[in-house]
Amino acid sequence: AIELARRHRPQLLLLDVMMPDMDGFEVARRLRADPSTQDIQIIFVTAMTDDESHMRGLALGAVDFLHKPIDSGILRVWVLNALEREQLRRQSELYQSKLLDSLEQLAQNSHILEAIFDHPSEAYLVLDEQLSIIKLNQLGQDWLCPTFGPLIGQSLEVLRLSTLDGQTINSRDILKGQSIFDCYLGVSNDSPIPMTASVRQFTDQENRSFHLLGLRDISFNIQLQQQTPAAEEARKNLLRELTQQKH
């Protein structure tokens, strides 16, 4: 199975935990250790319900942990969500790669640079070596400035980025860690916005280092994930009521 994953590089794996010879955790560890398979999304499917196993799976980079018996409707929604996020990640990586190539080649041509920089669906910020915001695209200005005020010259910390479990993200850690990650964007009314963030480093022709931070709103995906368990519970309650009425 690991060799097949290396050969075909699927977008998503449904991986059982309890298997003979090699358990799912070890399979996930080996996939994460291999550059050719480390980006494959993994959903663990298992009868194990203890917190320790759950945390171990998430620590290995699993996007979710589904417990048997599994409702086919819930599984379908989870798979579609995971595939959509993987597609967005790949599109973002491709766009970032093209954008950075263009930025390096066209740093002296401000008119062309503006046309590339103003992506219609992502807010982009350029950060200098001190992590000060030195440039935003139009969407970034329209979206962020009404909430956070003028951002040029401000530290990235003003955006109050946090992990999806509420832990504050240190700006320096963002630049040292993975290039694409999910986070919350803090706002003044304490209603954080879930985002997919992408970070890329580039240098100008004077060999100065900059970082390009992209932000994409994923509120809809998060809401769908939160609503699905409640909808499934309501469906099960209705089925129980109908069964009781029959008897």
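Higher on the page you've got the structure.
This section reports on the structure supplied with the text. From a predicted model like this one, the values you see are computed outputs, not experimental measurements.

1. Concerning the overall build of the protein
Secondary structure summary: the protein contains eight helices and nine strands in total. In the protein, 48% of the contacts between residues at least 6 apart in sequence involve partners at least 24 apart. As presented, the protein carries roughly 14400 Å² of accessible surface, and 52% of it is formed by carbon and sulfur atoms.

2. Description of the sheet that holds strand 5 (residues 133–136)
Pairing within the open sheet is antiparallel, and its six strands lie in the order 5-4-9-8-7-6. Since the sheet does not close on itself, it has two edges, and those belong to strand 5 and strand 6 (161–162), each with one partner. Of the strand pairs in this sheet, strand 7 (residues 180–185) and strand 8 (residues 193–203) are connected by six bridges, and their pairing is antiparallel. By the bridge assignment for strand 8, Y184 is matched with P194.

3. A short note on the sheet that holds strand 1 (residues 12–16)
With respect to topology, three strands assemble into an open sheet ordered 1-2-3, the strand pairing being parallel. Looking at which strands have only one partner, the edges of the open sheet turn out to be strand 1 and strand 3 (64–67). On average, each strand axis in the sheet is tilted by 25 degrees relative to the strand beside it, whichever way the strands run. Inspection of the sheet shows strand 1 paired to strand 2 (residues 41–46) by five bridges, in the parallel sense. Across the sheet, residue L15 finds its bridge partner in strand 2, namely F44. Running over the sheet, helix 2 (residues 24–33) touches strand 1, strand 2 and strand 3 and is turned about 175 degrees from strand 2.

4. Notes on unusual backbone geometry
Notably, L131 is not glycine yet its phi reads approximately 65 degrees, a positive angle. Inspection of the secondary structure assignment puts L131 in the loop between strand 4 (123–127) and strand 5. Positive phi values are uncommon outside glycine, yet R160 reaches one of about 50 degrees. By the secondary structure assignment, R160 is in the loop between helix 6 (138–148) and strand 6. Taking relative accessible area as the criterion, R160 reaches 44% and is therefore assigned partly exposed.

5. Quick look at the nonpolar core
Grouped together as the largest cluster of nonpolar side chains are 22 residues, with contacts concentrated most on L125, L144, L159, L185, L213 and L215. When residues of this core are traced back to their parent elements, those giving at least two are strand 4, strand 5, helix 6, strand 7, strand 8 and strand 9 (209–217). The leading source of residues in this core is strand 8, at four residues. Setting aside residues up to four positions removed in sequence, L213 forms contacts with A123, Y124, L125, L127, L156, A197, S198 and V199. By size, the runner-up hydrophobic cluster in this structure holds 15 residues, among which are I2, V17, I40 and A62.

6. Quick notes on helix 2
Those residues of helix 2 not exposed but buried are G24, F25, V27, A28 and L31. Looking straight down helix 2, one finds that the buried residues subtend no more than 160 degrees of arc, so they occupy a single side. For helix 2, the side-chain oxygen to backbone nitrogen distance between the N-cap and F25 is 3.2 Å, and the N-cap itself is D23.

7. Describing the pattern of salt bridges
Counted under the stated rule, the structure contains five salt bridges. A salt bridge links D34 to R6; the nearest nitrogen and oxygen atoms lie 2.7 Å apart. Residue D34 is found in the loop between helix 2 and strand 2, and its partner R6 is found in helix 1 (residues 2–8); the two are separated by 28 residues along the sequence. For R6, a relative accessible area of 34% corresponds to the partly exposed category. Its salt-bridge partner being E26, residue R30 comes within 2.9 Å of it at the nearest N-O pair.

Conventions adopted
Residues numbered from 1 in each chain as written. Predicted model: local features only at pLDDT ≥ 70, side-chain atom pairs only at ≥ 80, totals over all residues. Heavy atoms only, no water. Helix = DSSP H or I, 4+ residues; strand = E, 2+ residues; numbered from the N terminus. Contact = heavy atoms within 4.5 Å. Areas by Shrake-Rupley, 256 points an atom, 1.4 Å probe, with all protein chains shown as cover. Pairing = 2+ DSSP bridges. Axes fitted to C-alpha atoms, helices over the stretch in contact; angles between N-to-C directions. Buried < 20%, exposed > 50% of the residue type's maximum accessible area, 1.4 Å probe, protein only. Core = buried A, V, L, I, M, F, W, Y, C linked by side-chain atoms within 4.5 Å. Arc of directions from axis to C-beta. Polar contact = N/O pair within 3.5 Å; in protein donor to acceptor, adjacent residues only side chain to side chain. Salt bridge = Lys/Arg side-chain N within 4 Å of Asp/Glu carboxyl O.

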